[in-house]
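Summary of the model geometry
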Protein chains: 2
Amino acid sequence: MSLDAVLSHVDNDFENAIARLLDLLRIESISTDPAYAQQCDAAAEWLVDDLQDIGFNTEKRPTAGHPMVMGTGGTGGTHVLFYGHYDVQPVDPLDLWDNPPFEPRLEETENGPVIRGRGSSDDKGQLMTFVEACRAYKAVTGSLPSKISIFFEGEEESGSPSLVPYMTEHAEELRADVALICDTGMVEPNTPSIVTMLRGLVGAEITLNGPNKDLHSGMYGGPSINPIRVLTRALADLHNDQGGVTLEGFYEGVPELPEQVAQQWQGLDFDEAKFLAEVGLSVPAGEQGRSVLEQIWSRPTAEVNGIWGGYTGEGFKTVLPAQASAKVSFRLVGTQDPDKIHAAFEAHLRSYLPADCTLDYHRHGASSASNMKIDHPAFEIARTALGDEWDNAGVYVGCGGSIPIAGHFQDIVGIETMLIGFAQDDDSIHSPNEKYDLRSFHKGIRSWVRILDALSKT
Amino acid sequence: MSLDAVLSHVDNDFENAIARLLDLLRIESISTDPAYAQQCDAAAEWLVDDLQDIGFNTEKRPTAGHPMVMGTGGTGGTHVLFYGHYDVQPVDPLDLWDNPPFEPRLEETENGPVIRGRGSSDDKGQLMTFVEACRAYKAVTGSLPSKISIFFEGEEESGSPSLVPYMTEHAEELRADVALICDTGMVEPNTPSIVTMLRGLVGAEITLNGPNKDLHSGMYGGPSINPIRVLTRALADLHNDQGGVTLEGFYEGVPELPEQVAQQWQGLDFDEAKFLAEVGLSVPAGEQGRSVLEQIWSRPTAEVNGIWGGYTGEGFKTVLPAQASAKVSFRLVGTQDPDKIHAAFEAHLRSYLPADCTLDYHRHGASSASNMKIDHPAFEIARTALGDEWDNAGVYVGCGGSIPIAGHFQDIVGIETMLIGFAQDDDSIHSPNEKYDLRSFHKGIRSWVRILDALSKT
């Protein structure tokens, strides 16, 4: 009857859980901008203190970037390692937020109450579902349900530069029976989902240099090359008319979806039109002949995430700029090789350079796609536990996002990873007005209680 | 002997002329940015006061934008109207300036002394060559050499929105025997040049709208259209592989250069390689088969002056942006129709819009090219006077920039315009570290003294 008691405690303590999450959300832990380094450290400190309150042995570990938070507690059962990240995305464009991104608050919406603020869903809210599950267990039973390790990083939103060195150095310490990650979503609001496929990510920041200074387009327009002209051509040609990516060798290692998986996905209650309509769209823009779920989960992409050059202020300036820049990323699937994608993209760009242009190519991370081995017994245990909490049974799905650590757990630590998260498609992660459903937070905590309970008995 | 006395006075008073110009350059009269409106007004006031000191009847006239400065003085001779503009270009990127743009100073360079600062060449320094010539005349002879009208505007660098309404309303008052403008350059450092062809300018600011908010490229990358992808494709396709512009009907009204003009241009001491090398380039990027002078003076162009969209800050953000924007301009020649160019560009963009994208198209000015009638007697008089001052004889040339007012003088006021300026190719107008050669300023003043003297006798 211990499970019911813990679940009741979750319900009774939920107001306090919300208050704790709001506390964490107030910390402006934007990892990609060096100006926020101190706030990242403050978020790590907050977590160290909170985990210690629950009884974990906890440490903040320095890295070359933002610190790691490590915690251990409990004994017996299935030894789980829980990973999350305490850093968040930048908040621009700030003027599109209805309330300040780091002044989180509860709001009523037509779909129920939500917690609004940067990081509420990605990943502070999700991370705290697990922490609160542990807290409830400790409060009711006096101990954690089984041996639990905690591993939080603060660089997930900026390419995790310190992660692989750290995991390599501490591989033994990170070993467990299975890794758990709460940084994914639910395929639809009532269907708990375990992600078994993750896309990889290759990012590059590129700058094309033309004339040695900004020029007057009247004095020089014509004979002087405009780097924006070269950049737009090179980026436009990344896609063909069918929505495919044109880089040489890009589709090497991109598998066709096995028939049984395709059928399972078709059976999901996923509404393509609704998914697109929620963001103001109606026509899938990816590869022609692929379903939306395929386009997100099992097909690779190329996207320009940012572009800039010349005069971008008020009014008009007839400048012919010296430089033009872009941030470009590729989502990878199957066994696509990140290094080969980098090389192919750089070669693509260089093939567009006229004599008077040079290219600066700066790599921003390179991670392969991950494919989970769902024959590990923890998967079915978790799927069943999730079905006990939610209206629908748990399902295995893909995820278009990139969570490179799942691959690192396989490659560096040698353990499988279960990605179980409670985010919704309309959470606006990485966008203004990010939110996390209060229902996701509540049932997310309860879900972990059930999963930990089930895993503690094996 | 009055001419020699006036020229001597110019030489003897030159230190004071420099001090006056530095005063004017300290006023931050950036017209395109509303934040500088008061400084634009201050520059107008400064000129009103200065012209009054010389004996002009002077007024500051309000417009819907920045004010006009009008002055009249003198009697007899050829009635000239001198036009200039007291506004300047924005100064970004500020970090590329060696000294603050509005703290002008004299500097020694390998090519002689220069006045460094925003507006030193375009157009405050050039404008003051004429004012100082008038001042010298008045100081030596007690009066201006002939009837002179002054007409300064403060919106030239931001599309002159108030100019046509003002000129239309005051056409009678603006009438003179000939208009003079000092806002152009010399084809090479010792060859005074009268511009007889000016390119027109069409500018547009465009925004492509896709999803209704910024999206996560993992969650939506694939099925969601990226407006940057659409924008880069539409802008890349503005040019063909031969450097030509692809807009439908773009070359309607673009004349072939008459053989005699082509031969005259070939006779100029213009070094293509040096012209390009000064800005770090080596290969002409315009239409293949055209000389650099043709590409600048007599061929139309399309340029992206600015582009922006998505995340452009430090680090990386895997955003799929809701919008992408650009500022695009076209330089026109011959009888190309600005309205048709706008329409063709907008149609070009719309032809690239997928179902889920919309276009905001905002016009920023539209002016035709100008072609002067050099059989007006003032042209040969001025060309001879210029040859008296400089090492080489004066020449008739083209200009790649756009000075729409020359066309307005023809169309609205019904008078011809002589464009005589002393800027050098390396003045970096519209760029960081703008300068004006002290020699240009000095011999420019002396040139106007000679021209006014010659015109006063006809």
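If you're wondering where the values come from, they're calculated on a predicted model, not measured in any experiment. (Residues numbered from 1 in each chain as written. Chains lettered and ligands numbered in written order. Predicted model: local features only at pLDDT ≥ 70, side-chain atom pairs only at ≥ 80, totals over all residues. Heavy atoms only, no water.)

**As for the overall build of chain A**
Worth spelling out the cut-off: Helix and strand labels come from DSSP, where a helix needs a run of H or I of at least four residues and a strand needs a run of E of at least two; each type is numbered from the N terminus. Using C-alpha atoms as the atom set, the radius of gyration is obtained and then compared with a globule rule of 2.2 Å times the number of residues to the power 0.38. Under the scheme applied here, a residue whose accessible area is under 20% of the maximum for its type counts as buried, over 50% as exposed, and between as partly exposed, the area being computed with a 1.4 Å probe on protein chains only. Values of accessible area rely on a 1.4 Å probe in the Shrake-Rupley scheme; residue burial ignores everything except the protein chains shown. Neither His nor the chain ends is counted toward charge; the positive residues are Lys and Arg and the negative residues Asp and Glu. To locate a charge, take NZ of a lysine, CZ of an arginine, CG of an aspartate or CD of a glutamate.
Assigned secondary structure in chain A consists of 15 helices and 18 strands. In terms of C-alpha radius of gyration, chain A reaches 23 Å, essentially the compact-globule figure of 23 Å for 458 residues. For the C-alpha atoms alone, the extent of chain A along its principal axes is close to 80 × 50 × 50 Å. Evaluated residue by residue, chain A yields a buried proportion of 63% over its 458 residues. For chain A, the exposed surface amounts to about 16,100 Å²; the carbon and sulfur share of it is 48%. Averaging the coordinates of the 33 positive side-chain charges in chain A and doing the same for the 68 negative ones gives two points 1 Å apart.

**Topic: the interface of chain A and chain B**
A common way to express how large an interface is: the accessible area buried when the components associate. As a reminder, the rule being used: Contact definition: two residues touch when any of their heavy atoms are within 4.5 Å. What gets called buried area is simply the loss in accessible area from a 1.4 Å probe that two parts show on being joined, summed for both. Put simply, a salt bridge is a Lys or Arg side-chain nitrogen that is within 4 Å of an Asp or Glu carboxyl oxygen.
Taken together, the 87 residues of chain A in the interface contact 86 residues of chain B. Taking both partners together, chain A and chain B bury about 7,700 Å²; carbon and sulfur atoms supply 54% of that area. Where chain A meets chain B, there are four salt bridges. Among the salt bridges present, the one from D237 of chain B reaches R233 of chain A, with a minimum N-O distance of 3.3 Å.

**A few points about the relation of the copies chain A and chain B**
Short version of the rule: A residue counts toward the fit only if its pLDDT is at least 70 in both copies, and the copies are then superposed by least squares on the C-alpha atoms of those residues.
You can overlay chain A on chain B at an RMSD of 0.1 Å; the transform is a turn of 180 degrees with a shift of 0.1 Å along its axis. Such a combination of rotation and displacement between the chain copies is what one expects of a two-fold axis. Taken together, the interface assignments show that 99% of the residues at the interface of chain A recur at the interface of chain B, consistent with an identical surface on both copies.

**Quick word on the domain arrangement of chain A**
All names here are of chain A. What counts here: An automatic or database domain assignment provides the domain bounds reported here. Each residue is assigned to one of three groups, with Ala, Val, Leu, Ile, Met, Phe, Trp, Tyr, Cys and Pro labelled nonpolar, Asp, Glu, Lys and Arg labelled charged, and all others, Gly among them, labelled polar.
According to the domain assignment, chain A consists of domain 1 (2-198 + 369-456) and domain 2 (200-254 + 300-367). With centres defined by C-alpha atoms, the gap from domain 1 to domain 2 works out at 35 Å. In this complex, domain 1 contributes seven residues to the contact, which on the side of domain 2 involves seven residues. In total, domain 1 and domain 2 occlude about 510 Å² of area from one another, counting both sides; carbon and sulfur atoms represent 48% of this. Among the residues of domain 1 in contact with domain 2, A369, S402 and P404 are the three that bury the most area, contributing 69% of the side total. At the junction of domain 1 with domain 2, the criterion picks out zero salt bridges. A class-by-class count of the residues in the side of domain 1 that touches domain 2 yields three nonpolar, four polar and no charged.

**Some thoughts on helix α3 (residues 37-54) of chain B**
Residue and element names in this part refer to chain B. Definition in use: Expected span of a helix, by definition, is 1.5 Å for each gap between consecutive residues, and there is one gap fewer than residues.
End to end, α3 covers 26 Å across 18 residues, agreeing with the expected 26 Å (1.5 Å per residue, within 8%). Every buried residue of α3 is accounted for by C40, A43, A44, W46, L47, V48, D50, L51 and I54. Just beyond α3, the residue with positive phi is G55, at close to 105 degrees.

**Quick look at the packing of helix α2 (residues 14-25) of chain B against α3 of chain B**
Packed helices, taken two at a time, are described by their axes: the angle between them and the distance between them. Residue and element names in this part refer to chain B. Basically, it comes down to this: In this analysis, axes come from line fits to C-alpha atoms, helices being fitted only over the stretch in contact, and the angle between any two N-to-C directions falls in the range 0 to 180 degrees. What sets the label is the angle itself: under 35 degrees gives roughly parallel, over 145 gives roughly antiparallel, 65 to 115 gives roughly perpendicular, and the rest give oblique.
The contact between α2 and α3 brings their axes to 10 Å, and the two run at 155 degrees. Put simply, α2 runs roughly antiparallel to α3. Contact residues: α2 offers R20, D23 and L24, while α3 offers A43, W46, L47 and D50. For the contact of α2 with α3, the per-class residue count stands at four nonpolar, no polar and three charged.

**Topic: unusual backbone geometry**
Along the chain, D92 of chain B connects to P93 of chain B via a cis peptide bond; the corresponding omega equals -5 degrees. Along the polypeptide, P93 of chain B turns up in the loop between β3 (80-85) and β4 (105-109). The step from D122 of chain B to D123 of chain B runs through a cis peptide bond, and the omega angle for that step is 5 degrees. Here D123 of chain B lies in the loop between β5 (112-116) and α4 (124-141). Positive phi values are uncommon outside glycine, yet H430 of chain A reaches one of about 70 degrees. Mapping H430 of chain A onto the fold places it in the loop between β17 (417-421) and β18 (435-437).

**A closer look at helix α12 (residues 338-350) of chain A**
Every α-helix carries 3.6 residues per turn, so stepping three or four residues along brings you back to the same face. Residues and elements named next belong to chain A. To keep it simple, the criterion reads: The definition of a polar contact used here is a pair of N or O atoms within 3.5 Å, where within protein one atom must be able to donate a hydrogen and the other to accept one, and adjacent residues in sequence count solely through side-chain atom pairs.
The terminal C-alpha atoms of α12, which comprises 13 residues, lie 18 Å apart, in line with the 18 Å expected from a rise of 1.5 Å per residue. Packed against the buried residues of α12 are β9 (200-209), α8 (227-236), β13 (323-332) and β14 (358-367). At the N-terminal end of α12, a side-chain oxygen is found 2.9 Å from the backbone nitrogen of D339, two or three residues along, and the residue is D337.

**Section: the pattern of salt bridges**
Once the charged atoms of two side chains with opposite charge are near each other, the side chains can pair. According to the stated counting rule, one finds 72 salt bridges over all chains in the structure shown. Measuring nitrogen to oxygen at the nearest pair gives 2.9 Å for the salt bridge that ties E346 of chain B to R350 of chain B. Pair noted here: E346 of chain B and R350 of chain B are both in helix α12 (residues 338-350), with a separation of four residues, about one helical turn. According to the relative accessible area criterion, E346 of chain B is partly exposed, its value standing at 23%. Among the charged side chains, a salt-bridge network with shared partners connects D11, E389, K443, R446 and R450 of chain A.

**A few points about the sheet that holds β4 of chain B**
All names here are of chain B. The line we're drawing: At least two bridges found by DSSP between two strands is the condition for calling them paired.
With antiparallel pairing, the three strands of this open sheet are ordered in space as β4-β5-β18. Edge positions in the open sheet fall to β4 and β18 (435-437), since each of these has one partner strand only. Within the sheet, the average angular offset between the axes of one strand and its neighbour, ignoring direction, is 35 degrees. Note that β4 and β5 share five bridges and pair antiparallel. Each bridged residue has a counterpart across the sheet, and for T109 the counterpart in β5 is G112.

**A closer look at the side chain of S29 of chain A**
All names here are of chain A. Structurally, S29 is set in the loop between α2 (14-25) and α3 (37-54). Residue S29 is classed as buried on the basis of its relative accessible area, which comes to 0%. A polar side-chain atom of S29 sits 2.9 Å from a polar atom in the side chain of K124. Setting aside chain neighbours within four positions, we find S29 in contact with Q39, C40, A43, Y86, D87, V88, F102 and K124.

**Some points on the packing of aromatic side chains**
Keep this limit in mind: Aromatic pairs are defined between Phe, Tyr and Trp rings, using the six-membered ring for Trp, whenever the two ring centres lie within 6.5 Å; interplanar angles under 30 degrees are classed as stacked, those over 60 as edge-to-face, and all others as tilted.
On inspection of all chains with the given rule, the structure shows 39 aromatic pairs over all chains. With a centroid separation of 5.8 Å and 65 degrees between ring planes, the pair formed by F345 of chain A and Y361 of chain A is classed as edge-to-face. Highlighted residues: F345 of chain A in helix α12 and Y361 of chain A in strand β14, separated in sequence by 16 residues. Here Y361 of chain A falls in the buried class, since its relative accessible area comes to 16%. Look at W265 of chain B and W297 of chain B: their rings are 4.8 Å apart centre to centre, the planes differ by 80 degrees, and that puts the pair in the edge-to-face class.

**Quick word on the pairing of strand β2 (residues 68-73) of chain A**
Remember that side chains alternate between the two faces of the sheet whenever the strand is regular. All names here are of chain A. Most of β2 is tucked away, with five of its six residues classed as buried. As paired strands, strand β1 (residues 57-61) and β2 are joined by five bridges and run antiparallel to one another. Counted as the bridge partner of R61 is M68 from β2. Here β1 folds back onto β2, and the loop between the two strands holds six residues.

**Re the sheet that holds strand β13 (residues 323-332) of chain B**
The sheet built from eight strands is open, its strands ordered β14(A)-β9(A)-β13(A)-β11(A)-β11(B)-β13(B)-β9(B)-β14(B) with antiparallel pairing. For this open sheet the edge positions go to β14 of chain A together with β14 (358-367) of chain B, each flanked by a neighbour on one side alone. Neighbour to neighbour, the strand axes of the sheet diverge by 20 degrees on average, direction disregarded. As defined by bridge partners, strand β11 (residues 301-310) of chain A adjoins β13 of chain A across eight bridges and the pair is classed as antiparallel.

**A short note on the side chain of R118 of chain A**
Residues and elements named next belong to chain A. By the secondary structure assignment, R118 is in the loop between β5 (112-116) and α4 (124-141). Here R118 falls in the buried class, since its relative accessible area comes to 0%. Here the side chain of R118 touches P90 through a polar contact of 2.8 Å, landing on its backbone oxygen. Residues within four places of R118 in sequence aside, it is in contact with L25, V88, Q89, P90, V91, W97, P101, F102, S428, H430, S431 and E434.

**Some remarks on the packing of α3 of chain A against α4 of chain A**
Residues and elements named next belong to chain A. Running from N to C, α3 and α4 cross one another at 25 degrees; their axes reach a closest spacing of 9 Å. Here α4 runs roughly parallel to α3, going by the angle between their axes. Facing W46, L47, D50, L51 and I54 of α3, the residues of α4 in contact are L127, M128, V131, C134, R135 and K138.

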